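# What the coordinates show
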Amino acid sequence: MLVHQYAYFALSSNQVSAAEITARLLIDPDEVVTRGSRHVEPVRPASHSWKIVCRKPGLTVEEQIASIVDRLFAYAPMIGDVATELDRIDGMPGAATMQVVRVFEHPAPKAEELSRPVDVPAEPLEQPSLLGWRLNARTLTFLQLTHAELDVDEYGY
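From a predicted model like this one, the values you see are computed outputs, not experimental measurements. (Residues numbered from 1 in each chain as written. Predicted model: local features only at pLDDT ≥ 70, side-chain atom pairs only at ≥ 80, totals over all residues. Heavy atoms only, no water.)

### Some details on the packing of aromatic side chains
Stated formally: Between the rings of Phe, Tyr and Trp (Trp by its six-membered ring), a pair exists once the centres lie within 6.5 Å; its type follows the angle of the planes, with under 30 degrees stacked, over 60 edge-to-face, and the other angles tilted. Put simply, DSSP marks the helices as runs of H or I at least four residues long and the strands as runs of E at least two long, and each gets a number from the N terminus on. The buried label goes to any residue with under 20% of its type's maximum accessible area, the exposed label to any with over 50%, and the partly exposed label to all in between, with areas taken from a 1.4 Å probe on protein chains only. The rule is short: NZ of Lys or CZ of Arg within 6 Å of the ring centre and within 35 degrees of the ring normal puts a charge over the ring.
With the rule as written, the count across this model stands at 3 aromatic pairs. When the centroid spacing of 6.3 Å and the interplanar angle of 20° are considered together, the rings of Tyr6 and Tyr8 count as stacked. For the ring pair Phe9 and Phe142, a centre distance of 5.3 Å and an interplane angle of 65° mean the geometry is edge-to-face. Taken together, the positions of Phe9 in strand β1 (residues 2–13) and Phe142 in helix α5 (residues 137–146) put the pair 133 residues apart, joining distant regions of the chain. Given the relative accessible area of 0%, Phe9 is considered buried. Classification of Phe142 by relative accessible area gives buried; the value is 0%. The ring of Tyr8 has Lys51 lying over it, and the distance from NZ or CZ to the ring centre is 4.4 Å.

### Quick word on the sheet that holds strand β2 (residues 31–33)
Here is the rule we go by: A pair of strands is treated as paired once DSSP finds two or more bridges between them. Convention adopted: a line fitted to C-alpha atoms gives each axis, helices being fitted over their contacting stretch, and angles between N-to-C directions are expressed from 0 to 180 degrees.
The 5 strands are arranged β2-β3-β1-β4-β5 in an open sheet whose pairing can be described as mixed. Each of the sheet's edge strands pairs with one partner strand only, and the pair in question is β2 and β5 (149–156). If you compare each strand with its neighbour and ignore which way they point, the axes differ by 25° on average. Relative to strand β3 (residues 48–54), β1 is paired through 7 bridges, and the arrangement is antiparallel.

### Side note on the environment of Ala76
As for its position among the elements, Ala76 is in helix α3 (residues 76–90). In sequence terms Ala76 and Gln144 are 68 residues apart; their C-alpha atoms lie 8.9 Å from each other.

Pasting the structure below:
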């Protein structure tokens, strides 16, 4: 099984742009999303987002999240203050999110594998095990300080 995954921390708002979030935090994001930049009706994306992202392949979810937390931990209380302000401005909670996206795929068989006898095992995949993960205490503290939700999306193909 092949696993493709990435993680990001986002501050999102229906009212406050990513540029305004950057100005408040004085931290440049890796990626930004502009509300309604793709579609006006219905509005897509539905909100502005400021993101710190880890897309480095081969890392476990824990390592990807740790990369993000290491970059932002010193700013966690300030990020939490901005998240609280965004929640108030938008009138709902959920401005801060630690997002994990994982895609599980069966690799396409190679021509030689298609002709392989059934009783001959296939070669093992050259990918470290990326299944299973956990959150350490430092990450949980970061999520608490930033008032972040954890959202995990997993897709199988």
